[in-house]
Amino acid sequence: MRKCESQPTVVQQIIKRAEESMTDVPAAGREDGYRLYHGRRVARLACRLSRRENLCPRVDCMVLAAACLFHDLGKCQGHDAADHGKTGSMAVEHELRGLVNPRQLRGVRQAIYWHNKREKSPPDLCTEGKLLQDADLLDHFGAQEVWVTIYSAAAERQPVSSALSMWKSEKIRSWTDYALVNLNFPTSRRAMQKRLQFTRRFFWQLQREEKGYLY
Ligand SMILES: [Fe+2]
């Protein structure tokens, strides 16, 4: 992620802690290191959304970096995954020891707690929390969705038709509907529409080629 101008050293330390803690966390059906890579993409996306929405003066970059990088900490081994937002918000205190002040820790914990409860989150949720919610959703669509769908099918030695069925499933349809109604910012909605257009176009073409069409 782009370094924060005001606190580059602390942000770098937060990134280093995330690399140490999140790299080896397993994620079923995903590549090794997925939790770290996803967290890093979410952090970069959240920074970009913040700039496009002119939110930088209201955003604490240490809170944003920590919340994004550790938002799925609750999915780690040893933590109860029933509500990974809740368990992650508690576990993150240990990860950030000595790096953030109590006010910042409260912000990180609030953002992580609500990141997976978008429809119930309070209107006064901190800006970092809203950015995390949108960036987390965006990273599940577009070329990333194509990658994950094909990776999952290939890892189970399934054919192209299996990847197509996965993409057309009811689960993906309702996940997409959920994403579209729960984004917080206009920039996120525009980015989501572009990602969805790309994914539809890709799977449409894959389906045609699977059926033996020339193009
Ligand atoms: Fe996530």
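Predicted model, so just to flag it, every value in this text is computed and none were measured. (Residues numbered from 1 in each chain as written. Predicted model: local features only at pLDDT ≥ 70, side-chain atom pairs only at ≥ 80, totals over all residues.)

A. Focus on the overall build of the chain. The secondary structure content of the chain amounts to 10 helices and 0 strands. Traced from its N-terminal end to its C-terminal end, the chain shows the element sequence α-α-α-α-α-α-α-α-α-α. Here the C-alpha atoms of the chain give a radius of gyration of 18 Å, agreeing with the 17 Å that 2.2 N^0.38 yields for 215 residues. Contacts in the chain between residues at least 24 apart in sequence constitute 65% of all its contacts with a sequence separation of at least 6. (Helix = DSSP H or I, 4+ residues; strand = E, 2+ residues; numbered from the N terminus. Rg over C-alpha atoms; globule rule 2.2 N^0.38 Å. Contact = placed C-beta atoms within 7 Å.)

B. Geometry of the nonpolar core. Ranked by internal contacts, the top residues of the largest apolar core, which has 42 residues, are A46, A65, A66, A67 and C68. Looking at this core, the elements with two or more residues in it are helix 1 (8-22), helix 2 (34-52), helix 3 (61-69), helix 5 (102-114) and helix 6 (127-138). Each of two domains, domain 1 (8-123) and domain 2 (143-210), supplies a minimum of three residues to this core. Filtering out sequence-adjacent residues up to four positions away, A67 remains in contact with V108, A111, I112, E128, G129 and L132. (Core = buried A, V, L, I, M, F, W, Y, C linked by C-beta atoms within 7 Å. Buried ≥ 20, exposed ≤ 12 C-beta atoms within 10 Å, placed from the backbone. Domains from an automatic or database assignment.)

C. Structural view of the domain arrangement of the chain. Under the domain assignment, the chain is made up of domain 1 (8-123) and domain 2 (143-210). Between the C-alpha centres of domain 1 and domain 2 there is a distance of 24 Å.

D. View of helix 5. Its 13 residues place the ends of helix 5 18 Å apart at the C-alpha level, agreeing with the 18 Å of an ideal helix rising 1.5 Å per residue. All buried positions along helix 5 are accounted for by G107, V108, R109, Q110, A111, I112, Y113 and W114. At its buried positions, helix 5 is contacted by helix 3, helix 4 (84-95) and helix 6. (Expected span 1.5 Å × (residues − 1).)

E. Representation of the environment of A191 within the structure. Summarising the element assignment, A191 is placed in helix 10 (residues 186-210). Taking C-alpha positions, A191 is 23 Å from V63, a pair spaced 128 residues apart along the chain.

F. Structural context of unusual backbone geometry. Of note in the backbone geometry, N54 takes a positive phi value of approximately 55 degrees without being a glycine. Of note, N54 is situated in the loop between helix 2 and helix 3. A positive phi angle is found at R157, which is not glycine, with a value near 60 degrees. Structurally, R157 is set in the loop between helix 7 (143-155) and helix 8 (160-168). Given 7 C-beta atoms within a 10 Å radius, R157 is considered exposed.

G. How the structure looks around the packing of helix 5 against helix 6. One way to put it is that helix 5 packs onto helix 6 with a least axis distance of 8 Å and a crossing angle of 35 degrees. Judged by the sense of rotation from one axis to the other, the crossing of helix 5 with helix 6 is right-handed. Between helix 5 and helix 6, the residues in contact are G107, Q110, A111 and W114 and E128, G129 and L132, respectively. (Axes fitted to C-alpha atoms, helices over the stretch in contact; angles between N-to-C directions. Left-handed = near helix turned anticlockwise from the far one by under 90°.)

H. The packing of helix 4 against helix 5, seen in detail. Relative to each other, helix 4 and helix 5 sit at 160 degrees, their axes nearing to 7 Å. One finds that helix 4 runs roughly antiparallel with respect to helix 5. Judged by the sense of rotation from one axis to the other, the crossing of helix 4 with helix 5 is right-handed. Note on element contacts: helix 5 touches helix 4 through L105, V108, R109, I112, Y113 and W114, opposite G85, K86, G88, S89, V92 and E93. Here the contact of helix 4 with helix 5 is built from residues that sort into 6 nonpolar, 3 polar and 3 charged. (Parallel < 35°, antiparallel > 145°, perpendicular 65-115°, else oblique. Nonpolar A, V, L, I, M, F, W, Y, C, P; charged D, E, K, R; others polar.)

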